[in-house]
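The lines below spell out each chain.
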There are 2 protein chains.
Amino acid sequence: MAHITNSVEYGIHCLLWLVYVDDQQPSSRDLAELQGVSPSFIAKIFPKLEKAGIVRANEGVRGGYRLAKPPQDITVLDIVDAIEGKKPLFDCQEIRGRCAVFEGDPPGWATSGLCSIHKVMLQAEKSMRDTLAQETLVSLSQSVDRKAPNNFSPKVNVWLSDRSDSRRRKIKRKGS
Amino acid sequence: MAHITNSVEYGIHCLLWLVYVDDQQPSSRDLAELQGVSPSFIAKIFPKLEKAGIVRANEGVRGGYRLAKPPQDITVLDIVDAIEGKKPLFDCQEIRGRCAVFEGDPPGWATSGLCSIHKVMLQAEKSMRDTLAQETLVSLSQSVDRKAPNNFSPKVNVWLSDRSDSRRRKIKRKGS
């Protein structure tokens, strides 16, 4: 499995729809079906995004998700950390003190400070995270905007409105 | 499991001993036992390093491993790629064409060029790899040298010589 998993890929795609919507609050099922991915998979991702303060869930007939803050304040790194947890790129086992020459009693110099191999891996991880922190939902969304025709965003909004109306009608029928 | 695994950690530690040795060619078992890690684990790593042109194996009684090129020409990235293979940080599933609005027939603009999410992940991977390419076996070795007392390198060489002598004696006894 890749370090940055498909949960992140699917999560970002669905979050990008929240940048597109006007005044709607799609459910995680709406977002999953709009994106053409498994609703149960997305249903597990959105509570993590909510816990991280990236989306906000509103309950009720018109309830659903919206972004919890402006999309320019949500970085790709925020989303990766929210979904994956802060899993390290490298998990140092600290084997430097095990050298046979130390005969089971490693001297202070051998184990003091950070292991130089671990240090390089942490630097590599920082470079990766810095790059992810430079991109936001807005910069990703703009790259779609540049390609999509003008009628794409309205079409998405109509699709989501239809879903929302259909959900309300169903609830009304059940209640009547 | 972390993206950069313990095989890399153990492999680099053992390679650093090859920077330390004078005119010796330790076996992968010698290197593993000097480092205090599993010989069978290291025995699986060194053929990969040999295939990548990082170490050279010589056969015979005095046979074993040595670096195949100067340690300043062996980067941490070379070692990671040799041991892990070039596994991607992110494995894009290309779900952008699945949007329900496209009704199963995504327009060209939606799937042309690189997916913007994939692009960000490739940039992050490049940042990580660039950092790993900046460090070599020499820079890592120097960071150990700065900490270790002057008698450490001779001690390691004596330990390895003793192992090598003991191996030769065993082979001689078997042959006599």
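Preceding block: the structure.
A short tour of the structure in this document, coming up. Predicted, not measured: the structure shown is a model, and the values here were computed from it. (Residues numbered from 1 in each chain as written. Chains lettered and ligands numbered in written order. Predicted model: local features only at pLDDT ≥ 70, side-chain atom pairs only at ≥ 80, totals over all residues.)

## Considering the overall build of chain A
- Of the regular secondary structure elements, chain A holds eight helices and two strands.
- Sequence-ordered secondary structure for chain A, helices as α and strands as β, is α-α-α-β-β-α-α-α-α-α.
- A globule of 176 residues ought to have a C-alpha radius of gyration of about 16 Å, yet chain A, at 22 Å, is considerably larger.
- For the C-alpha atoms alone, the extent of chain A along its principal axes is close to 80 × 40 × 25 Å.
- Burial status across chain A gives 34% buried among its 176 residues.
- Once local pairs closer than 6 in sequence are excluded, the contacts in chain A between residues at least 24 apart make up 69%. (Helix = DSSP H or I, 4+ residues; strand = E, 2+ residues; numbered from the N terminus. Rg over C-alpha atoms; globule rule 2.2 N^0.38 Å. Buried ≥ 20, exposed ≤ 12 C-beta atoms within 10 Å, placed from the backbone. Contact = placed C-beta atoms within 7 Å.)

## As for unusual backbone geometry
- The phi torsion at Glu103 of chain A lies on the positive side, around 50°, for a residue other than glycine.
- The topology assignment puts Glu103 of chain A in the loop between helix H4 (76–84) and helix H5 (108–111).
- With a phi close to 55°, Glu94 of chain B is a non-glycine residue in the positive phi region.
- Summarising the element assignment, Glu94 of chain B is placed in the loop between helix H4 (76–84) and helix H5 (108–111).
- By the C-beta count within 10 Å, which is 10 here, Glu94 of chain B ends up exposed.

## Some remarks on the interface of chain B and chain A
- In this assembly, 47 residues from chain B lie in contact with 46 residues from chain A.
- At the level of secondary structure, the elements contributing two or more residues to the side of chain B that touches chain A comprise helix H1 (6–20), helix H2 (28–35), helix H6 (116–134), helix H7 (137–147) and helix H8 (152–175) of chain B.
- Per-element tally for the side of chain B that touches chain A: the top contributor is H6 of chain B, with 11 residues.
- In the side of chain B that touches chain A, the residues fall into 27 nonpolar, 11 polar and nine charged. (Nonpolar A, V, L, I, M, F, W, Y, C, P; charged D, E, K, R; others polar.)

## Looking at the relation of the copies chain B and chain A
- For these two chains of identical sequence, chain B goes onto chain A by a turn of 180° and a shift of 0.0 Å along the axis, with RMSD 0.0 Å. On this basis, the relationship between the two copies can be described by a two-fold rotation axis.
- When the interface residues of chain B are mapped onto chain A, 98% of them again fall at the interface, so both copies present the same face. (Least-squares fit on C-alpha atoms with pLDDT ≥ 70 in both.)

## Examining the nonpolar core
- Of all hydrophobic cores here, the largest spans 83 residues; its most connected members are Trp17, Ile42 and Ile79 of chain A together with Leu16, Trp17, Ile42 and Ile79 of chain B.
- Ignoring sequence-local partners within four residues, the contact set of Ile42 of chain A consists of Tyr10, Cys14, Ser28, Leu31, Ala32 and Val37 of chain A. (Core = buried A, V, L, I, M, F, W, Y, C linked by C-beta atoms within 7 Å.)

## Focus: the packing of H1 of chain B against H2 of chain B
All names here are of chain B.
- Look at H1 against H2: their axes get within 10 Å of each other, and the N-to-C directions meet at 105°. One way to sum up the angle between H1 and H2 is to call them roughly perpendicular. Taken together, the residues of H2 that come into contact with H1 (itself represented by His13, Cys14 and Trp17) are Leu31, Ala32, Leu34 and Gln35.
- Residues of the contact of H1 with H2, tallied by class, amount to five nonpolar, two polar and no charged. (Axes fitted to C-alpha atoms, helices over the stretch in contact; angles between N-to-C directions. Parallel < 35°, antiparallel > 145°, perpendicular 65-115°, else oblique.)

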